[in-house]
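Chain by chain, the residues run as shown.
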Amino acid sequence: MINQTKDRRPRRERRIDILAERKRLNKAMKEAKRRSMIVDFDNITVTSHGNIQLLESFKLAIGFKDLLEECISLQKGSNSIYSASLLLDYLTDALTLGISRFDHIEVLKNDPGYLLTKGFGRFADESTFRNLFAAMDGGTLEELEVISVALLNKRASFEGPKSVWIDIDDTIITLYGEQENGEIGYNPKKRGRKSYRLRVATIHSTKEVIAMELLGGNASPHGIDGFFEKIRHGSF
């Protein structure tokens, strides 16, 4: 049992002690701040993404970069510093690290440890990634799908066959402008505006993408039956 003796002094006397203790603490904090060391992260191996080395080693083990170079046919200008496959590799890093917006991706450009891990020494500007997406077409989407299936096959070769649940999502993407193959169809948010219908199939437990289709906005939602048959027979 803990015995606590109640302070029976007048409130005025107790307040003097409380104020004195506060003054002592404030003085101690100021002294600690004055003596604190200034830290500069000027070492070229410092990174705010400590798991990037593990990610890079994993991609090397599964031949991820080679797969990108083999499958992506999109060619950039002869004076381009960054190939399409290299930019997609950077984007894979960003998404894995939780960076999902173009205006946040340049945080990797100022991360010396990340650049050292990549072995390239420089990182693309935000506009370079935007231009990459602007240059992509339906053929690039099909090539990305081939890469996704190849990665799934690599995983399946280690795990063996098993039963999985498949989620199929049918999404309407509103277009602002005159994008290629945009069509006017059912659009619950912006009626009368051109759109795409993006159909994506994922494995429920892991959220891995196994198939996708990019259709015009007036494509029938009933076409999902044919999409499912492609998945079931592995002909996507």
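Residues numbered from 1 in each chain as written. Predicted model: local features only at pLDDT ≥ 70, side-chain atom pairs only at ≥ 80, totals over all residues. Heavy atoms only, no water.

Asks: Looking at this model, I keep getting lost on the pattern of salt bridges. Mind explaining?
Replies: Once the charged atoms of two side chains with opposite charge are near each other, the side chains can pair. Following the criterion strictly, the structure yields 13 salt bridges and no others. The closest approach of N and O atoms between K118 and D89, which form a salt bridge, is 2.7 Å. You can see K118 sitting in helix α5 (residues 112–118) and its partner D89 sitting in helix α4 (residues 84–96), a full 29 residues away along the chain. For K118, a relative accessible area of 12% corresponds to the buried category. With a closest N to O distance of 2.7 Å, D93 and K118 form a salt bridge. Pair noted here: D93 is in helix α4 and K118 is in helix α5, with a separation of 25 residues, a long-range link. We classify D93 as buried; its relative accessible area is 0%. Linked by salt bridges that have partners in common, E56, K59, K65, D89, D93 and K118 make up one network. (Salt bridge = Lys/Arg side-chain N within 4 Å of Asp/Glu carboxyl O. Helix = DSSP H or I, 4+ residues; strand = E, 2+ residues; numbered from the N terminus. Buried < 20%, exposed > 50% of the residue type's maximum accessible area, 1.4 Å probe, protein only.)

Asks: Sorry, what's going on with helix α6 (residues 126–135) here?
Replies: Because the α-helix completes a turn every 3.6 residues, residues three or four places apart line up on one side. By the burial criterion, the buried members of α6 are T128, F129 and L132. Along α6, the residues classed as buried sweep out an arc of 100 degrees about the axis, all on the same side. In α6, the exposed residues that point more than 90 degrees away from the buried face are N131 and A134. Packing partners of the buried residues in α6 comprise α4. (Arc of directions from axis to C-beta. Contact = heavy atoms within 4.5 Å.)

Asks: What's the story with unusual backbone geometry in this structure? I'm lost.
Replies: Keep in mind that most residues, glycine aside, have a negative phi and that most peptide bonds are trans. One non-glycine residue with positive phi stands out, namely K207, at about 65 degrees. Mapped onto the elements, K207 comes out in the loop between β3 (194–203) and β4 (209–216).

Asks: In this structure, what is going on with the environment of E69? I would like to understand it.
Replies: With respect to the helices and strands, the residue E69 is situated in helix α3 (residues 64–71). With 15 residues separating them along the chain, E69 and A84 place their C-alpha atoms 8.4 Å apart.

Asks: Explain the nonpolar core to me, please; I cannot follow it from the model alone.
Replies: A general tendency of soluble globular proteins is for nonpolar side chains to be buried together. Grouped together as the largest cluster of nonpolar side chains are 27 residues, with contacts concentrated most on F123, F129 and L132. Breaking this core down by element, the ones donating at least two residues are α2 (52–62), α3, α4, α5 and α6. Of the residues forming this core, the biggest block, six residues, is contributed by α4. When near neighbours in sequence (up to four residues on either side) are disregarded, L132 contacts L74, A84, L87, L88 and L91. With seven residues, the next largest nonpolar core counts A201, I203, F227 and I231 among its residues. (Core = buried A, V, L, I, M, F, W, Y, C linked by side-chain atoms within 4.5 Å.)

Asks: For this particular structure, what's the right way to read the side chain of K118?
Replies: A distance of 2.7 Å separates the side chain of K118 from the side chain of D89, its partner in a polar contact. Side-chain polar atoms of K118 contact the side chain of D93, separated by 2.7 Å. Not counting residues up to four positions away in its chain, the partners in contact with K118 are E56, K59, K65, D89, Y90 and D93. (Polar contact = N/O pair within 3.5 Å; in protein donor to acceptor, adjacent residues only side chain to side chain.)

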